[in-house]
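Chain and residue survey
What follows is the residue order along each chain.
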Amino acid sequence: MNSIDINVVLYQEDSHWIAQGLEYDITAQAPSLPELRERFARKVAAEVAISLELRLEPLGGIDPAPERFWRMFDEAKMSVAMESPPFAIPGGVDYPRIVPRMKVGQLEAV
């Protein structure tokens, strides 16, 4: 596995931004979008590293996000382009590259 593609919906809740992975239910929050990207990258990298350390499929055992986040992503009108290349997990050639596709969504009323 050379890369892992992850769709991510970004949304604001109060004064923070939240990143919610879709294929893998991984989240991060931060006060700004640049910081959010870094926090989400670190969380995904940590999950992949743990999986590989345990000799499991990268991100194996992490369920998909709830359906409402998939709808948010599908209905999002704005994609987020990152100037930096997709983040990679340091530590060796066996680590897959994480490639996020990010869109800004709107939190639906519960």
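Read on for an overview of the structure.

Thresholds, definitions, all that
- Residues numbered from 1 in each chain as written.
- Predicted model: local features only at pLDDT ≥ 70, side-chain atom pairs only at ≥ 80, totals over all residues.
- Heavy atoms only, no water.
- Pairing = 2+ DSSP bridges.
- Helix = DSSP H or I, 4+ residues; strand = E, 2+ residues; numbered from the N terminus.
- Axes fitted to C-alpha atoms, helices over the stretch in contact; angles between N-to-C directions.
- Contact = heavy atoms within 4.5 Å.
- Salt bridge = Lys/Arg side-chain N within 4 Å of Asp/Glu carboxyl O.
- Buried < 20%, exposed > 50% of the residue type's maximum accessible area, 1.4 Å probe, protein only.

The next point concerns the sheet that holds strand S5 (residues 97–104). Here five strands make up an open sheet; going across it, the order is S3-S2-S1-S5-S4 and the pairing mixed. The open sheet terminates on both sides in strands that have one partner only, identified here as strand S3 (27–30) and strand S4 (78–80). Ignoring strand direction, the axes of neighbouring strands in this sheet form an average angle of 30 degrees. Examined bridge by bridge, strand S1 (residues 3–13) and S5 share eight bridges and lie parallel to one another. Pairing of Asp 5 across the sheet is with Val 99, part of S5. In this fold helix H1 (residues 33–53) packs onto S1, strand S2 (16–21), S3 and S5, with an angle of close to 150 degrees to the strand it touches most, S3. Along the sheet, helix H2 (residues 67–75) makes contact with S1, S2 and S5, crossing S1 at roughly 90 degrees.

For the rest of this paragraph, the subject is the pattern of salt bridges. Applying the stated criterion to the full structure yields two salt bridges. Here Arg 39 and Glu 35 are joined by a salt bridge, their closest N and O atoms 2.5 Å apart. Of this pair, Arg 39 and Glu 35 both sit in helix H1, separated by four residues, roughly a single helical turn. Looking at Arg 39, the relative accessible area reads 29%, which means it is partly exposed. The shortest N-O distance in the salt bridge between Glu 38 and Arg 37 comes to 3.3 Å. The exposure class assigned to Arg 37 is buried, which follows from its relative accessible area of 6%.

On their own, these measurements won't tell you what the molecule is for.
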